[in-house]
Amino acid sequence: MTHTKPLIDARGIGLAYSGKIILDHIDIDIKHREVVTIIGPNGAGKTSLLRLLLGIQAPTQGTIARHPELTIGYVPQRFNLDNLLPMAVDRLLTLTRRVPSSAIDHVLDEVKAKHLRKSPVASLSGGELQRILLARALLGTPDLLVLDEPTQGVDLAGEAEFYRLIADIRNDRGCAILLVSHDVHLVMATTDRVVCLNRHICCQGLPDAVGRHPEFLRLFGAKAAEAFAFYTHHHDHDHGLSGEVKSLNSDHGTCRHGHDVHR
């Protein structure tokens, strides 16, 4: 794959249902090897934006260009499987494609879950299941790995470990990563760009490191805290109940940030 063009380049995209605006004039691109984290409150449109970027749903306005050779690996926010269905991990990994046994061993080892290969999927913890779903996405050798709130249901220590694992995958494989986080305060320390979304892009920029932040040291300890960053920013606009932008000063919605910030 040539690396001169973005993997995904979306311009002016929007989404609306029955006159209700879900997303409004979004400009976003994902470049080769880049880690982009999308944060925002519930109802901000984070999952809807992923669906548009992945091509699962078409925008009601704007354009999305995807690299013609792009391969995407996707880890969904939720994975529902009937607990009565007797399925082992290795069977789940081969449901949609035939892969050599050695490839299964490799990806399970990569996500530190090789010992789970013969385990029933129904017996896995939340963190173990997320590792298996990550392994499944990696089997396709993606250029872009997309993860929609991958640490839901995972405890804080497990979150830190999972984020370190994702960082290792980017470094080892060289793939780009697009990550949605449910927590505005926690993003990976290796994130190249943080996008704050609330139906439109409020602001975006580099995260601030928090290795010495007392709250993170208390929760995770110094070592685990290295896996996170604190994204500090404030808006000079607010949102109404319907998502409309309310300017708080004469700059009409421009966001300020300690690093490079773009609208």
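Refer to the structure above for everything that follows.
What comes next concerns the included structure. As the structure is a computational prediction, the values presented were derived from the model and not from experiment.

1. With respect to the pairing of strand β7 (residues 176-180)
In step 1: Taken across its 5 residues, β7 has 5 buried, putting it largely inside the fold.
In step 2: Across the two faces of β7 the burial is the same, with A176, L178 and V180 and I177 and L179 all buried.
In step 3: Pairing of strand β3 (residues 35-39) with β7 involves 4 bridges; the strand directions are parallel. Paired with V36 across the two strands is L178, which belongs to β7.
In step 4: Relative to β7, strand β6 (residues 144-148) runs parallel, the two being bridged by 5 bridges. The residue bridging L147 from the neighbouring strand is L179, located in β7.
In step 5: Between β6 and its parallel partner β7, the chain crosses via helix α5 (residues 156-173), and the hand of that crossover is right-handed.

2. Notes on the nonpolar core
In step 1: Counting residues in hydrophobic clusters, the biggest one holds 33 residues, and the most contacted among them are L93, L108, I132, L134, L145, L147 and I177.
In step 2: Looking at this core, the elements with two or more residues in it are α2 (89-93), α3 (101-110), α4 (126-138), β6, α5 and β7.
In step 3: When residues in this core are grouped by element, the largest group, 7 residues, is from α4.
In step 4: Those residues in contact with L108 that lie beyond four places of it in its chain are V89, L93, A113, K114, R117, I132 and A135.
In step 5: Counting residues in each nonpolar core, the second largest holds 26 residues, with I8, L54, A176 and L197 among its members.

Procedures and definitions
Residues numbered from 1 in each chain as written. Predicted model: local features only at pLDDT ≥ 70, side-chain atom pairs only at ≥ 80, totals over all residues. Heavy atoms only, no water. Buried < 20%, exposed > 50% of the residue type's maximum accessible area, 1.4 Å probe, protein only. Helix = DSSP H or I, 4+ residues; strand = E, 2+ residues; numbered from the N terminus. Pairing = 2+ DSSP bridges. Right-handed = clockwise from strand over helix to strand, strands pointing away. Core = buried A, V, L, I, M, F, W, Y, C linked by side-chain atoms within 4.5 Å. Contact = heavy atoms within 4.5 Å.

By themselves, these figures tell us nothing about what the structure is for.
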